[in-house]
Amino acid sequence: MQPNGTTIDSSIYCDIFSTSGMREVWSDQTRIQRYLDVEKALAVAQGRLGVIPSEAADEIARHCNVAEMDFEKLKSATEHIGYPVLPVVQQLTTVCKSGLGQWCHWGATTQDITDTATVLQIRSALLLIERDLKAVVQSLTGLARKYRDTPMAGRSNLQQAVPLTFGYKAAVWLAGVLRQVERLDQMKARILMGEFGGAVGTLASLGEKGLAVQQAMMEELGLSQPPIAWHTVRDTIAEVGCFLAILCGLLDKIASDVKIMMMTELNEVQEPNGGGGRGASSTMPQKRNPISCAYITACSSLVRQHAAALLNAMNADFERATGTWEIEWLALPEIFCFTAGGLAQAKVMLGGLVVHPDNMIRNLRLTDGLVNTEAVMMALAPKMGREKAHDKISAICIAVSQGKGRLIDLLTEDPAISEVFDRQALERLLNPTNYLGNSSAMVDRVLDGRKG
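Residues numbered from 1 in each chain as written. Predicted model: local features only at pLDDT ≥ 70, side-chain atom pairs only at ≥ 80, totals over all residues. Heavy atoms only, no water.

**Student:** Is there a simple way to think about the overall build of the protein chain in this case?
**Tutor:** Within the protein chain one finds 19 helices and four strands. Taken over C-alpha atoms, the radius of gyration comes to 30 Å for the protein chain, far larger than the 22 Å a tight globule of 452 residues would show. Taking all 452 residues of the protein chain together, 50% fall into the buried category. A total accessible area of about 21500 Å² is found for the protein chain, and carbon and sulfur atoms account for 53% of it. (Helix = DSSP H or I, 4+ residues; strand = E, 2+ residues; numbered from the N terminus. Rg over C-alpha atoms; globule rule 2.2 N^0.38 Å. Buried < 20%, exposed > 50% of the residue type's maximum accessible area, 1.4 Å probe, protein only. Areas by Shrake-Rupley, 256 points an atom, 1.4 Å probe, with all protein chains shown as cover.)

**Student:** Which parts of the structure should I look at to understand the packing of aromatic side chains?
**Tutor:** Any aromatic ring pair is given by two values, namely how distant the centres are and how the planes are angled relative to each other. In total, this model carries nine aromatic pairs according to the counting rule given. Measuring from centroid to centroid gives 6.0 Å for Y83 and W325, while their planes differ by 35°, and the two rings are tilted. One end of the pair, Y83, is in the loop between α5 (71–81) and α6 (85–95); the other, W325, is in helix α12 (residues 324–351), with 242 residues separating them in the sequence. On the basis of relative accessible area, Y83 is assigned to the partly exposed category, the value being 31%. Here W325 falls in the buried class, since its relative accessible area comes to 8%. Relative to F166, the ring of Y147 lies with its centre 5.6 Å away and its plane at 70°, an arrangement referred to as edge-to-face. With Y147 in the loop between α7 (110–146) and β1 (151–156) and F166 in helix α8 (residues 166–191), this pair connects stretches of sequence that are 19 residues apart. (Phe/Tyr/Trp six-rings, centres within 6.5 Å; stacked < 30°, edge-to-face > 60°.)

**Student:** So what exactly am I meant to see when it comes to the pattern of salt bridges here?
**Tutor:** Two side chains that carry opposite charge are able to pair once their charged atoms sit near each other. Tallying each qualifying case throughout the model produces 23 salt bridges. In this structure, the salt-bridge partner of K188 is E130, at a minimum N-O distance of 2.9 Å. With K188 in helix α8 and E130 in helix α7, the pair connects residues that are 58 residues apart, well separated along the chain. Take K188: its relative accessible area is 23%, and that puts it in the partly exposed class. Among the salt bridges present, the one from D149 reaches R148, with a minimum N-O distance of 2.9 Å. Judged by relative accessible area, R148 falls into the partly exposed class, the value being 27%. Via salt bridges that share partners, D115, R234 and E328 belong to a single interconnected network. (Salt bridge = Lys/Arg side-chain N within 4 Å of Asp/Glu carboxyl O.)

**Student:** Would you explain the state of the cysteines in this entry?
**Tutor:** Disulfide: a covalent bond formed between the sulfur atoms of two cysteine residues. Under the counting rule described, the total for this entry stands at zero disulfides. You can see C248 has no disulfide; the closest cysteine sulfur is in C299, sitting 7.1 Å from it. (Disulfide = S-S within 2.5 Å.)

**Student:** I'm lost on the packing of helix α10 (residues 235–261) against α12 in this one. Help?
**Tutor:** Relative orientation and spacing of two packed helices are given, respectively, by the angle between their axes and the distance between those axes. Where α10 contacts α12, the two axes come as close as 10 Å, and the packing angle between them is 30°. Relative to α12, the element α10 is oriented roughly parallel. Taken as a pair, α10 and α12 cross one another with a handedness that is left-handed. Of α12, the residues touching α10 (which contributes I237, V240, G241, L244, L247, C248, L251, I254, A255 and V258) are E328, L332, I335, F336, T339, G342, L343, A346, M349 and L350. In the contact of α10 with α12, the residues fall into 16 nonpolar, three polar and one charged. (Axes fitted to C-alpha atoms, helices over the stretch in contact; angles between N-to-C directions. Parallel < 35°, antiparallel > 145°, perpendicular 65-115°, else oblique. Left-handed = near helix turned anticlockwise from the far one by under 90°. Contact = heavy atoms within 4.5 Å. Nonpolar A, V, L, I, M, F, W, Y, C, P; charged D, E, K, R; others polar.)

**Student:** Please explain the nonpolar core as it appears in this structure.
**Tutor:** One recurring pattern in soluble globular proteins is that nonpolar side chains are buried together. By size, the foremost hydrophobic cluster in this structure holds 107 residues, and its most contacted members are F166 and F336. Considering each element in turn, this core owes the most residues, 15 residues, to α7. Those residues in contact with F166 that lie beyond four places of it in its chain are L143, Y147, T150, M152, W173, M261, V269, L353, V355 and M360. Listed in part, the 20 residues of the second largest apolar core include I393, I396, L411 and A425. (Core = buried A, V, L, I, M, F, W, Y, C linked by side-chain atoms within 4.5 Å.)

**Student:** Sorry if this is basic, but what is going on with the packing of helix α3 (residues 28–49) against α7 here?
**Tutor:** Running from amino to carboxyl end, α3 crosses α7 at an angle of 115°, the nearest separation of the two axes being 8 Å. Where α3 crosses over α7, the handedness of that crossing is right-handed. For the pair α3 and α7, the contacting residues are R31, R34, Y35, D37, V38 and E39 in the first and I113, T114, T116, A117, L120, Q121 and S124 in the second. The residue inventory of the contact of α3 with α7, partitioned by class, reads five nonpolar, four polar and four charged.

**Student:** Teacher, can you tell me more about the environment of L430 here?
**Tutor:** If you trace the backbone, L430 turns up in helix α18 (residues 423–430). Counting along the chain gives 292 residues from L430 to Q138, while the straight-line C-alpha distance between them is 35 Å. Discounting residues that sit within four places of it in the chain, L430 has contacts with G369, N372, V376, L407, I408 and L411.

**Student:** Please explain the pairing of strand β2 (residues 159–165) as it appears in this structure.
**Tutor:** Residues in a regular strand project their side chains so that they alternate between the two faces of the sheet. Two strands pair when backbone bridges link them, and β1 and β2 are joined in this way by five bridges, in the antiparallel orientation. If you follow A153 over to β2, its bridge partner there is P163. As consecutive antiparallel partners, β1 and β2 are separated by two residues, and within that stretch N157 has a phi angle of approximately 55°, a positive value. (Pairing = 2+ DSSP bridges.)

**Student:** So what exactly am I meant to see when it comes to the side chain of S440 here?
**Tutor:** Here S440 is to be found in helix α19 (residues 439–449). At a separation of 3.4 Å, a polar atom in the side chain of S440 contacts the main-chain carbonyl oxygen of R148. Not counting chain neighbours up to four residues away, the residues in contact with S440 comprise R148 and D149. (Polar contact = N/O pair within 3.5 Å; in protein donor to acceptor, adjacent residues only side chain to side chain.)

**Student:** Hey, could you run me through α18 in this one?
**Tutor:** Given 3.6 residues per helical turn, the α-helix brings residues three or four places apart onto the same face. Within α18, the full set of buried residues consists of A425, L426, L429 and L430. Along α18, the residues classed as buried sweep out an arc of 135° about the axis, all on the same side. Buried residues along α18 sit in contact with α14 (373–384), α16 (407–413) and α17 (415–418). (Arc of directions from axis to C-beta.)

**Student:** What exactly am I supposed to notice about the environment of E24 here?
**Tutor:** Along the polypeptide, E24 turns up in helix α2 (residues 20–25). Residue E24 is classed as partly exposed on the basis of its relative accessible area, which comes to 46%.

Shape is all these values report; function is a separate question.
See below:
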């Protein structure tokens, strides 16, 4: 049994901070198989174009199967040589009959195979990301629609600000996630591009047939043909990392809101308890801790840090770089694995989020009308000017906080205010459910514009 030193490969934590599907995409088995897929596509393309004998192309393609690789030998050779592609090619060459393996890897360089294999892994990984992202969209859509008109306190600097609806809050979350879905669609066209350029990218070793081989190879793999080599221009890989960092940032924002709303003093939402016991304390029976939210925050932090490493990897020297490329080997798999973990936790949390509308309205009425003083100020402003109305209402609010009376009473007793509004009118202005603005209309706009 191999030792496991990280949460991703931990037998205990692996499905908390990542997912089995994403780990499989970035496993040794899959990575080596993708190398072989690229070698196969290259051989098939070259055989079709007459660059190598068709018999050699068939034989090479027949053996591009990871099951034929000796991983112990591969490990040893990689440690000695420094890169795994050449050891893979050496084994592939050996298993081909009649010396036909000599045509393997014809005109290619290590980075061509590695980069193109990485793009194939990215393509598979993004399918998993997209699937879970759409599940989050569905959950947020449901919350926005169901609680479209459910009043709650909007908050600014952790203080009650003015009322809104929980559906509005969910729609704000949803709008950000939808923009990420749009970014994903736009990004695919740029990043699902293979690499095949030879030593420094010019395909000199294949002469006039170089670009034709490159095109045929990419068609075999279902990738776009690069206009020019990108061996040391790594914007596409960095873009993937930044996309995932933004996605995790969005999930972390949602998790932060939910964590605070779960506070005993607010108790406006709760994470699903998974049939009982989830979030339990070892000592305090009454507690129900935020669990998925905490894992989302942890995963998000790691992804953001690793995305910065990919930006550092862009500082690649000349036509083939020294050392920066290897940063991607370390950072990219973990970025995807931790993003998958964060998304999986978001699916659990949002898919079963327990909402307490009664507590939302209770908290909204907690200040006995103070949450609606903007409404009073704006109603008075046309009569006495906005600045004067602001100062007057602010002074009354301070008096309320000092225990000098209820807000409605102090407003009613103020001569300047009573000239404009009677007590009944002021009570209407202080009713938080009368000051939801365009919350519901904005929810509808987000829902109407949702794609998919």
